[in-house]
Amino acid sequence: MGMEAKPTPAAISEDESALVQKITKLATAIGDLPSLHPSPEVNSLFTELVTACIPPSTIDVDTLGPEAQSMRRRLITLCADAEGHLESHYSDLLAAHDGDPLDHLEIFPYFGNYVKLSQLEHGLLSRHVSESFSRVAFLGSGPLPLSSLVLAARHLPDAAFVNYDISPDANARASRLVHADADADAGIGIGARMEFRTADVTDEAVAGEMGRYDVVFLAALVGMAAEEKARVVAHLGRHMAPGAALVVRSAHGARGFLYPVVDPEDVRKGGFEVLCVHHPEDEVINSVIIAQKKMLEVDDEGCVRAENGSGIKGCAAAANGDVLCAAAAAVVSRPCLGCCEMEARAHRKLEEMAMDQELPS
């Protein structure tokens, strides 16, 4: 997928310049720390950084000059490392807790943010796609999978969650925490609905699994640079089921110093219809993009048509999004992944959307 030219560095206001200077100073101080494990000094510097980045800002981080861009890339990496250490620390604390550790998640200092973010994401999904989902994938779940736990407990009580992370250590911690839930052993409770997979989600070995899910959540730190994020989204666009929802976490304004910014156009180019882009202005840091995998259209002759209007009878999905007939399936590098079933799901989604349009708003 071709990437557009990066924005030309633009002049910034006096206030924006002062903000960049402050964040650069904090980034230098954080980079000089001997360790990013939780400590009073680490906690203090990151609290100051987040406090500086949260207020609404007119700054566009993508148009900053090369020096500021280099600083921003380093800072996002430092933030990711520190976040990983913080989550690992609290995952261990919770796992060692007497009783059910899932009853004490509020000891994590940013638990309230996860509650609000999950409520926001579910609300946007309910408004634009559906209120309930049965199969959920969370990509980049980490050692403390709070998003999945909050969504499972408060918003999707009947859904099964598959959490993917590239780190075996993160998954070991998360699994130990979640399955310490006594109800999980009895096949009930949140733990019984949680599975953890150690994999790179762009690996072809797990690509076929993406077609199983009704909704896929893409964590903010999966794909640290814009180009990497676009490649991940395009990969999901090739393998997710038509009609499935994608939730992408992004950042806006000065919050782009903390997390990667996702261009909605890259989501569209990846094969999705962007339904909503929401930028919170409270303590919830991440922006949210709600998208839906474009659905296949079937004409009266049973011919499945792709976005370019071409179509051939049958149900074998090609990597470029076109659909090939069974006789031509030999030229497809991956096997048909139950496309007839996906076609039926696509029809059901179209009917639901038509009914929604008939209902008063």
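Below: a short report on this structure. (Residues numbered from 1 in each chain as written. Predicted model: local features only at pLDDT ≥ 70, side-chain atom pairs only at ≥ 80, totals over all residues. Heavy atoms only, no water.)

Moving on to the packing of aromatic side chains. Under the criterion given, the structure shown has five aromatic pairs. For the pair Tyr-90 and Phe-108, a centre-to-centre distance of 5.4 Å together with 90 degrees between the ring planes defines the contact as edge-to-face. Taken together, the positions of Tyr-90 in helix α3 (residues 66–95) and Phe-108 in the loop between α3 and α4 (111–128) put the pair 18 residues apart, joining distant regions of the chain. Comparing Tyr-90 with Phe-108, the two get one shared label, buried. Plain terms: the ring middles of Phe-108 and Tyr-110 are 6.1 Å apart, the flat faces sit at 70 degrees to each other, and that makes the pair edge-to-face. (Phe/Tyr/Trp six-rings, centres within 6.5 Å; stacked < 30°, edge-to-face > 60°. Helix = DSSP H or I, 4+ residues; strand = E, 2+ residues; numbered from the N terminus. Buried < 20%, exposed > 50% of the residue type's maximum accessible area, 1.4 Å probe, protein only.)

This part is about the environment of Leu-64. For Leu-64, the location among the structural elements is in the loop between α2 (40–53) and α3. Along the chain, Leu-64 and Ile-12 lie 52 residues apart, while their C-alpha atoms are 8.1 Å from each other.

The next subject is empty space enclosed by the protein. Following the criterion strictly, the structure yields one cavity of 30 Å³ or more and no others. What lines the largest cavity is simply Ala-226, Lys-229, Ala-230, Val-233, Val-261, Val-262, Asp-263, Asp-266 and Val-267. Taken together, the elements giving at least two residues each to the lining of the largest cavity come down to α9 (226–239) and α10 (264–269). Sort the elements by how many residues they give to the lining of the largest cavity and α9 lands first, with four residues. Across the lining of the largest cavity, the residue classes break down as six nonpolar, no polar and three charged. (1 Å grid on protein atoms, 1.4 Å probe; cavity = no way out; pocket = protein on both sides within 12 Å on 5 of 7 lines; lining within 4 Å. Points joined across faces, edges and corners; volume = space filled by probe spheres on them. Nonpolar A, V, L, I, M, F, W, Y, C, P; charged D, E, K, R; others polar.)

Let us now look at the nonpolar core. Formed by 66 residues in total, the largest nonpolar core has its most connected members in Leu-125, Leu-139, Tyr-164, Leu-236 and Leu-246. The biggest single contributor to this core is α4, with six residues. Each residue touching Leu-125, except ones within four places of it in the same chain, is listed here: Ser-130, Phe-133, Val-215, Phe-217, Ala-245, Val-247 and Ile-290. Among the nonpolar cores identified, the runner-up in size contains 31 residues, and Leu-19, Leu-26, Leu-36 and Phe-46 belong to it. (Core = buried A, V, L, I, M, F, W, Y, C linked by side-chain atoms within 4.5 Å. Contact = heavy atoms within 4.5 Å.)

Before going further, it helps to spend a moment on the packing of α4 against helix α5 (residues 146–155). Taken N-terminus to C-terminus, the directions of α4 and α5 make an angle of 60 degrees; their axes are 9 Å apart at the nearest point. With respect to their mutual orientation, α4 and α5 come out oblique. α4 and α5 meet at a crossing whose hand is right-handed. Across from Phe-111, Tyr-114, Val-115, Ser-118, Gln-119 and His-122 in α4, the residues of α5 making contact are Leu-146, Ser-147, Val-150, Leu-151, Arg-154 and His-155. Among the residues making up the contact of α4 with α5, the classes are represented as six nonpolar, five polar and one charged. (Axes fitted to C-alpha atoms, helices over the stretch in contact; angles between N-to-C directions. Parallel < 35°, antiparallel > 145°, perpendicular 65-115°, else oblique. Left-handed = near helix turned anticlockwise from the far one by under 90°.)

Attention now goes to the sheet that holds strand β7 (residues 287–293). Taken in spatial order, the seven strands line up as β3-β2-β1-β4-β5-β7-β6 in an open sheet, and their pairing is mixed. Edge positions in the sheet fall to β3 (194–198) and β6 (272–278), since each of these pairs with one other strand and no more. If you compare each strand with its neighbour and ignore which way they point, the axes differ by 20 degrees on average. In the packing of α4 onto the sheet, contacts are made with β4 (215–218), β5 (245–250), β6 and β7, and the angle to β7 comes to roughly 35 degrees. (Pairing = 2+ DSSP bridges.)

The next thing to look at is the side chain of Thr-63. Along the polypeptide, Thr-63 turns up in the loop between α2 and α3. When its relative accessible area of 14% is taken as the criterion, Thr-63 is described as buried. In terms of polar contacts, Thr-63 uses its side chain to reach the backbone carbonyl oxygen of Asp-60, at 2.9 Å. (Polar contact = N/O pair within 3.5 Å; in protein donor to acceptor, adjacent residues only side chain to side chain.)

In short, shape yes, function no, at least from these values alone.
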